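# Coordinates in review
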Amino acid sequence: MGIKDQFQDKANELKDKTKAAQQGAKDEASERGAQASDQTKKKKKEKVHDELDDNWDF
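Keep in mind it's a predicted model, so treat the numbers as computed, not measured.

Bringing the environment of Leu14 into the picture now. Tracing the backbone shows Leu14 in helix α1 (residues 3-55). We classify Leu14 as partly exposed; its relative accessible area is 44%. The spatial distance from the C-alpha of Leu14 to the C-alpha of Gln35 is 31 Å, given a sequence separation of 21 residues.

Here is the structure:
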């Protein structure tokens, strides 16, 4: 194996690692976004329930 082949193999290895890291970051961002959306929906739902409870107090 020549030096050129070694550099090409290393370049391919680094490219693969970069792609994997980018995909991992995208997956993490997607998961965080989903969690934030769920939390927002939950807070809105709780607010509506609190308002309804306040309106029905006698």
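There is more to say, and it comes next.
Negative charge collects at one region of the surface, where Glu46, Asp50, Glu51 and Asp53 lie side by side. Summarising the element assignment, Asp50 is placed in helix α1.

All right, on to the pattern of salt bridges then. Per the counting criterion, the structure on display carries 3 salt bridges. Between Glu13 and Lys17 there is a salt bridge, and its shortest N-O distance comes to 3.7 Å. Of the two residues, Glu13 and Lys17 are both situated in helix α1; the distance of 4 residues between them amounts to about one turn of the helix. Looking at Glu13, the relative accessible area reads 36%, which means it is partly exposed. Residue class for Lys17 comes out exposed when judged on its relative accessible area of 52%. Residue Arg32 is joined to Glu28 by a salt bridge in which the shortest nitrogen-to-oxygen separation is 2.8 Å. Residue Arg32 and its partner Glu28 are located together in helix α1, separated by 4 residues, close to a single helical turn. The class for Arg32 is exposed, based on a relative accessible area of 54%. Assessed through its relative accessible area of 42%, Glu28 is described here as partly exposed.

This part covers the environment of Asn12. Counting through the fold element by element, Asn12 comes out in helix α1. On the basis of relative accessibility, which here comes to 30%, the residue Asn12 falls in the partly exposed class. In this structure, the C-alpha to C-alpha distance between Asn12 and Asp50, residues 38 residues apart in sequence, is 57 Å.

Thresholds applied
- Residues numbered from 1 in each chain as written.
- Predicted model: local features only at pLDDT ≥ 70, side-chain atom pairs only at ≥ 80, totals over all residues.
- Heavy atoms only, no water.
- Helix = DSSP H or I, 4+ residues; strand = E, 2+ residues; numbered from the N terminus.
- Buried < 20%, exposed > 50% of the residue type's maximum accessible area, 1.4 Å probe, protein only.
- Patch = residues over 30% accessible without salt bridge, like charges linked within 9 Å, V, L, I, M, F, W, Y side chains within 5 Å.
- Areas by Shrake-Rupley, 256 points an atom, 1.4 Å probe, with all protein chains shown as cover.
- Salt bridge = Lys/Arg side-chain N within 4 Å of Asp/Glu carboxyl O.
- Lys, Arg positive; Asp, Glu negative; His and termini not counted.
- Charge placed at Lys NZ, Arg CZ, Asp CG, Glu CD.

On their own, these measurements won't tell you what the molecule is for.
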